[in-house]
Amino acid sequence: MKNFEWIPDYSVNVKLIDDQHKYFISLLNEAYGFVAEKRSSEDILNILGKIHDYAVLHFKTEEEYFDKFDFEGTAEHKAAHKGLLSQLDKLIAKKDSTDVYTFGAELLDFLEDWLVHHLDYMDKKYVKCFNDHGLY
Ligand SMILES: [Fe+2]
Ligand SMILES: [Fe+2]
C-alpha cells in the first residue's frame with residue numbers, strides 16, 4: 001500500500017506546523033488506503049472532504065502568523081494557498097465524470113505532488129521569519 005512519509009527534510013522548524021503537515025500526510029495515506037481497499041464512495045468522498053477542510057485550517061494557521069509577523073512573502077504565499085484551493089475545487093467539480101476510485105487516486109496524487117513542492121519551495125521561506133519571532 002502507498003505510504004507517503006513525512007521526512008525531517010520537510011521540517012519548517014516550528015512544531016505546531018510540522019505536526020499539521022504530518023497530520024495532513026497521514027490523512028492522505030488514510031485516503032490512499034480507502035481507495036486501494038475500494039471503500040464505499042461515501043467513505044472516499046468523506047475523507048477527501050476532510051482533507052480539503054484540513055487544508056483550509058492549515059493555511060489559516062500559517063497565514064495568521066504571516067499577518068502577525070508581517071512576513072515579507074505574505075502575498076505570494078497566500079496566493080499559492082488560494083491557487084491550491086481553487087484547483088481542488090475544479091478537480092472536485094469533475095468528480096461525477098469518472099469513477100470515484102480513479103477520481104480519488106488522481107486527486108491524491110495531485111495533492112501529494114503539490115504538498116511536496118509547496119513544503120520545499122514555499123513553506124521553507126517563512127522559517128527564518130517565524131523563528132526570528134520566537135516561534136519554534
Ligand atoms: Fe504548510
Ligand atoms: Fe503554506
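In this report, the structure presented in the accompanying data block is examined. Numbering of residues starts from 1 in every chain and runs along the sequence as written. Written order decides the labels, with chains lettered from A and ligands numbered from 1. Under the rules for a predicted model, residues below a pLDDT of 70 receive no local features and side-chain atom pairs below 80 are neither given nor counted, while totals for whole chains, interfaces and linings still include all residues. Values reported for side chains reflect all heavy atoms of the structure, with hydrogen atoms and water molecules removed beforehand.

### Comments concerning the pattern of salt bridges
For this analysis, a salt bridge means a side-chain nitrogen from Lys or Arg found within 4 Å of a carboxyl oxygen belonging to Asp or Glu. Within this structure, the stated rule accounts for 8 salt bridges. Between Lys125 and Glu76 there is a salt bridge, with its nearest N and O atoms 3.2 Å apart. Of this pair, Lys125 sits in the loop between helix 4 (100–121) and helix 5 (127–132) while Glu76 sits in helix 3 (residues 74–93), placing them 49 residues apart in sequence. A simple rule labels every residue: compare its accessible area, found with a 1.4 Å probe on the protein chains alone, to the largest value its type can have, and call it buried under 20%, exposed over 50%, or partly exposed in between. In this structure Glu76 comes out as partly exposed when scored by relative accessible area, which is 42%. A salt bridge links Asp120 to Lys124, with the shortest nitrogen-to-oxygen separation between them at 3.8 Å. Judged by its relative accessible area of 28%, Lys124 falls in the partly exposed class. In the salt-bridge network here, residues are joined through shared partners; they are Glu37, Arg39 and Asp43. Runs of E in the DSSP output that reach at least two residues are strands. Runs of H or I that reach at least four are helices, and both are numbered from the N terminus.

### Some thoughts on the nonpolar core
Definition used in this section: a nonpolar core is a set of buried Ala, Val, Leu, Ile, Met, Phe, Trp, Tyr and Cys residues joined via side-chain atoms within 4.5 Å. By size, the foremost hydrophobic cluster in this structure holds 27 residues, and its most contacted members are Phe24, Leu28, Leu48, Ile51, Leu108, Leu111 and Leu115. Those elements that place two or more of their residues in this core are helix 1 (15–36), helix 2 (41–69), helix 3 and helix 4. Here Leu108 is in contact with Leu28, Ala31, Tyr32, Val35, Leu48 and Ile51, once residues within four sequence places are set aside. Among the nonpolar cores identified, the runner-up in size contains 12 residues, and Tyr65, Phe69, Tyr126 and Val127 belong to it. Any two residues whose heavy atoms approach within 4.5 Å are treated as being in contact.

### A short note on the coordination of the iron ion (ligand 2)
Six octahedral donors around a metal ideally sit at 90 or 180 degrees from one another, while four tetrahedral donors ideally sit at 109.5 degrees. Water is absent from the atoms considered, so a metal site may look incomplete; donors are defined as N, O and S atoms within 2.8 Å of the metal, or 3.2 Å for Na, K and Ca. Listed as protein donors to the iron ion (ligand 2) are Glu62 (OE), His77 (NE2), His81 (NE2), His118 (NE2) and Asp123 (OD); their distances from the metal cover 2.1 to 2.3 Å. Considered as a linear motif, the donors of the iron ion (ligand 2) on their single chain read E-x14-H-x3-H-x36-H-x4-D.

### A short note on the coordination of the iron ion (ligand 1)
Within the protein, the atoms that donate to the iron ion (ligand 1) are His21 (NE2), His58 (NE2), Glu62 (OE) and Asp123 (OD), at distances of 2.0 to 2.2 Å. If you list the donors of the iron ion (ligand 1) from N- to C-terminus, the spacing comes out as H-x36-H-x3-E-x60-D. The distance between the iron ion (ligand 1) and the iron ion (ligand 2) is 3.4 Å, with Glu62 acting as a donor to both metals. Here Asp123 lies in the loop between helix 4 and helix 5 and His21 lies in helix 1, a separation of 102 residues in the sequence. Asp123 matches His21 in its accessibility class, with the two residues each being buried.

### Brief notes about the packing of aromatic side chains
Ring pairs shown here join Phe, Tyr and Trp side chains whose ring centres sit within 6.5 Å, with only the six-membered ring taken for Trp; geometry is labelled stacked below 30 degrees between planes, edge-to-face above 60, and tilted in between. On inspection of all chains with the given rule, the structure shows 11 aromatic pairs. Centroid distance Tyr23 to Tyr54: 4.8 Å. Interplanar angle 70°. Geometry classified as edge-to-face. With Tyr23 in helix 1 and Tyr54 in helix 2, the pair connects residues that are 31 residues apart, well separated along the chain. On the basis of relative accessibility, which here comes to 36%, the residue Tyr23 falls in the partly exposed class.

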